[in-house]
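Chain and residue survey
Chain by chain, the residues run as shown.
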Amino acid sequence: MAEKKSSRNRYNCLKCPAYCCSYQHIPVTDKDIKRLAKHFGLTEAQAKKRFTKKGDEESPRVLRHKDDEHFTTICRFIDSETRNCTIYHARPEICRDFPSQKRCGYYDFLTFERAVQDDPDWIATTD
Ligand code: SF4
Ligand code: SF4
């Protein structure tokens, strides 16, 4: 989840159920873990164990998930009701960068389907 709509960006995370936060492998770096540890007043080892898990070759450490009504699972830091990030100022670098361009493909899809289905609250699930 990057930011709300602006003149620069053609997407609005505040109208989205945080699809990008449901990606299975959201990579975290040592610097991200350090930031999380500072945010929660934990040691880096504690933060690493509590908030991250083993990933794959490309992303050795990734954020832990929790159950989610829309996407089966989602990042443990999402607020399930508001769909906002609960650690916005301490979120990993990749969350700040995504989608790294003016458009978000999921948001384009979401707005198209909401218009076609005449349902402003429609959500694409991954079930
Ligand atoms: S999927 Fe796109 S619109 Fe939705 S929260 Fe992520 S960046 Fe924002
Ligand atoms: S840390 Fe925040 S922005 Fe990043 S995936 Fe988790 S809920 Fe989304």
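Here is what the cut-offs are and how they apply
- Residues numbered from 1 in each chain as written.
- Chains lettered and ligands numbered in written order.
- Predicted model: local features only at pLDDT ≥ 70, side-chain atom pairs only at ≥ 80, totals over all residues.
- Heavy atoms only, no water.
- Near = heavy atom within 4 Å.
- Nonpolar A, V, L, I, M, F, W, Y, C, P; charged D, E, K, R; others polar.
- Buried < 20%, exposed > 50% of the residue type's maximum accessible area, 1.4 Å probe, protein only.
- Helix = DSSP H or I, 4+ residues; strand = E, 2+ residues; numbered from the N terminus.
- Arc of directions from axis to C-beta.
- Salt bridge = Lys/Arg side-chain N within 4 Å of Asp/Glu carboxyl O.
- Phe/Tyr/Trp six-rings, centres within 6.5 Å; stacked < 30°, edge-to-face > 60°.

So, the site of ligand 2
Looking at ligand 2, there are 11 residues lining it, with C21, I26, C75, C85 and C95 nearest. In terms of residue class, the shell around ligand 2 is made up of 11 nonpolar, no polar and no charged.

What to know about helix α1 (residues 30–40)
Every buried residue of α1 is accounted for by D32, I33, L36 and A37. Taken end-on, α1 shows its buried residues confined to a sector of 140 degrees, consistent with a single buried face. Facing away from the buried side of α1 by more than 90 degrees, the exposed set consists of K31, K34 and K38. Note on α1: the residue one or two positions beyond its end, G41, has a positive phi of about 65 degrees.

Quick look at the pattern of salt bridges
Opposite charge on two side chains permits them to pair, given that their charged atoms come into close proximity. Overall, the coordinates contain 4 salt bridges when judged by the stated rule. Across the pair D68 and R83 runs a salt bridge whose closest N-O atoms are separated by 2.9 Å. Here D68 is found in strand β3 (residues 65–68), whereas its partner R83 is found in the loop between β4 (72–75) and α3 (93–97), with 15 residues between them in sequence. When sorted by exposure, D68 lands in the same class as R83, which is buried. Through salt bridges with shared partners, one network takes in D32, R35 and E93.

Focus on the packing of aromatic side chains
Overall, the coordinates contain 9 aromatic pairs when judged by the stated rule. Relative to F98, the ring of Y23 has its centre 5.7 Å away and its plane inclined at 90 degrees; by these criteria the two rings are edge-to-face. Within this pair, whereas Y23 is found in the segment before α1, its partner F98 is found in the loop between α3 and α4 (105–116), the two being separated by 75 residues in sequence. With a relative accessible area of 33%, Y23 lands in the partly exposed category. The class of F98 is partly exposed, set by a relative accessible area of 26%. Arranged with centres 5.9 Å apart and planes meeting at 20 degrees, the rings of F40 and F77 form a pair that is stacked. Of the two residues, F40 is situated in helix α1 and F77 in the loop between β4 and α3; the sequence distance between them amounts to 37 residues. Owing to a relative accessible area of 36%, F40 belongs among the partly exposed residues under this scheme. An aromatic cluster of three or more residues is present, and its members are Y19, Y23, F71, F98, Y106, F109 and W122.

In short, shape yes, function no, at least from these values alone.
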